[in-house]
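# Survey of secondary and tertiary structure
Chain by chain, the residues run as shown.
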Amino acid sequence: MYKPLLYLNNKEIKEIVQYDDAPSIQDGENSGRTPTLSMDRDILGRILSINVSIGITSRAEGMLILNILKSPNITVKFLDSETDTYKTIDCYCVDPKKELLDGMMSYYKSITFELKSNTRFD
C-alpha cells in the first residue's frame, strides 16, 4: 500500500526520488575527552534532518513547494523510517536548490532541500 513520505504545511510532496530522515545527537559544551582519553558526553537531545530530492515537477507545483520552503516555520508531517509511523514537527529549510529541465522551461528537473527541526526531536 502506498504511503506518502512527506507533507509540508499539509501539502503532500510527490515525485520524491531520494528521502532520508536522520536524527542526530547534539552534544553540550561539557562533552569531550578527558586527559586519560575517556569520552564524556553531555547530550542535550536530538534534532532531525530530512533530506529530500524531488524529480521532474511542473513549474507551478515546484514554485508552490519553493514558496513553502521560504518560511522559517514549516509544519512537516513525515513517515518516520525507524517506526513506519507519521510524525509531525516544525522545521526550517536549509539551502534549497532547483534545476530547470533543459528545453522545457515549464518543468523543474530537480528540487533538493534539507529540513531541520526547530526544536528537540526526542
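Residues numbered from 1 in each chain as written. Predicted model: local features only at pLDDT ≥ 70, side-chain atom pairs only at ≥ 80, totals over all residues. Heavy atoms only, no water.

## A closer look at the overall build of the protein
Cut-off, in case you're wondering: Working definition: helices are DSSP H or I runs of at least four residues, strands are E runs of at least two. Numbering for both runs from the N terminus. We take the radius of gyration over the C-alpha atoms and set the globule estimate at 2.2 Å times the residue count to the 0.38 power. The buried label applies to any residue whose accessible area, calculated with a 1.4 Å probe on protein chains only, is under 20% of its type's maximum; exposed applies above 50%, and partly exposed to all values in between. Should any heavy atoms of two residues lie within 4.5 Å, those residues are counted as being in contact. We get accessible surface area from the Shrake-Rupley algorithm with a probe of 1.4 Å; when it comes to residues, only the shown protein chains can shield them. His is not counted, nor are the chain ends; Lys and Arg add positive charge and Asp and Glu add negative charge. Where a charge sits is defined by one atom per residue type, namely NZ (Lys), CZ (Arg), CG (Asp) or CD (Glu).
For the protein, the helix and strand inventory stands at one helix and ten strands. Listing the helices and strands of the protein from first to last along the sequence gives β-β-β-β-β-β-β-α-β-β-β. Whereas a compact globule of 122 residues would reach a radius of gyration of roughly 14 Å, the protein reaches 18 Å, over 25% beyond that. With the principal axes as the frame, the protein shows a C-alpha extent of 60 × 30 × 25 Å. Buried residues in the protein amount to 32% of all 122 residues. Considering only contacts in the protein between residues 6 or more positions apart, those separated by 24 or more positions represent 63%. As presented, the protein carries roughly 7600 Å² of accessible surface, and 52% of it is formed by carbon and sulfur atoms. Across the protein, the 15 positively charged side chains and the 18 negatively charged ones have centroids separated by 4 Å.

## Overview of the side chain of D21
Short version of the rule: Take a side-chain nitrogen of Lys or Arg and a carboxyl oxygen of Asp or Glu: if they are within 4 Å of each other, that pair is a salt bridge. In protein, a polar contact means a hydrogen-donor-capable atom and an acceptor-capable atom, both N or O and within 3.5 Å, with residues adjacent in sequence counting only if both atoms are side-chain atoms; elsewhere, any N or O pair within 3.5 Å suffices.
Here D21 is to be found in strand β3 (residues 16-27). It turns out D21 is buried and unbridged, and the closest side chain with the opposite charge, K87, is 7.6 Å from it. A polar contact of 2.6 Å, which involves the side chain of D21, links it to the side chain of S81. The contact partners of D21, leaving out residues within four places of it in the chain, are L48, S49, I50, F78, L79, D80 and S81.

## Brief notes about the packing of aromatic side chains
To keep it simple, the criterion reads: Any two of the Phe, Tyr and Trp rings considered here, Trp counted by its six-membered ring, make a pair once their centres fall within 6.5 Å; the pair's planes then place it as stacked at under 30 degrees, edge-to-face at over 60, or tilted in between. By the criterion adopted, a ring carries a charge over it if an Arg CZ or a Lys NZ lies within 6 Å of its centre and within 35 degrees of its normal.
Summed over all chains, the structure comprises one aromatic pair. Directly above the aromatic system of Y7 lies the positively charged group of K77, at a separation of 5.1 Å from the ring centroid. Residue placement shows K77 over the ring face of Y86; its charged tip is 4.9 Å from the ring centre.

## Side note on the environment of L37
Along the chain, the position of L37 falls in the loop between β4 (32-33) and β5 (39-40). Note: C-alpha distance between L37 and L5 (32 residues apart in sequence) is 42 Å.

## A few points about the nonpolar core
A general feature of soluble globular proteins is that nonpolar side chains tend to end up buried together. Convention followed: Working definition of a nonpolar core: buried Ala, Val, Leu, Ile, Met, Phe, Trp, Tyr and Cys residues. They are joined through side-chain atoms within 4.5 Å.
L6, L8, L69, V76, F78, F113 and L115 are the most contacted members of the largest nonpolar core, which has 23 residues in total. When residues of this core are traced back to their parent elements, those giving at least two are β1 (6-8), β6 (43-54), α1 (59-69), β8 (74-80), β9 (85-101) and β10 (104-117).

## A look at a nonpolar patch on the surface
What counts, and what does not: Patch definition: residues above 30% relative accessible area lacking any salt bridge, with like charges linked at up to 9 Å and the nonpolar side chains Val, Leu, Ile, Met, Phe, Trp and Tyr linked at up to 5 Å.
A contiguous nonpolar patch, built from I56, M104 and Y107 and spanning about 270 Å² of accessible area, is present on the exposed surface. Considering the arrangement of structural elements, one finds Y107 in strand β10.

## Focus: the pairing of β9
Applicable threshold: Only strands joined by at least two bridges in the DSSP assignment are considered to pair.
Here β8 runs beside β9; their pairing, made up of seven bridges, is antiparallel. Counted as the bridge partner of D80 is T85 from β9. Turn length for the β8-β9 hairpin, with the two strands adjacent in sequence and antiparallel, is four residues, and the turn residue D84 shows positive phi of about 55 degrees. The pairing of β9 with β10 spans nine bridges and is antiparallel. The residue bridging K97 from the neighbouring strand is T112, located in β10.

From the geometry alone we can't say anything about function, so treat these as descriptive.
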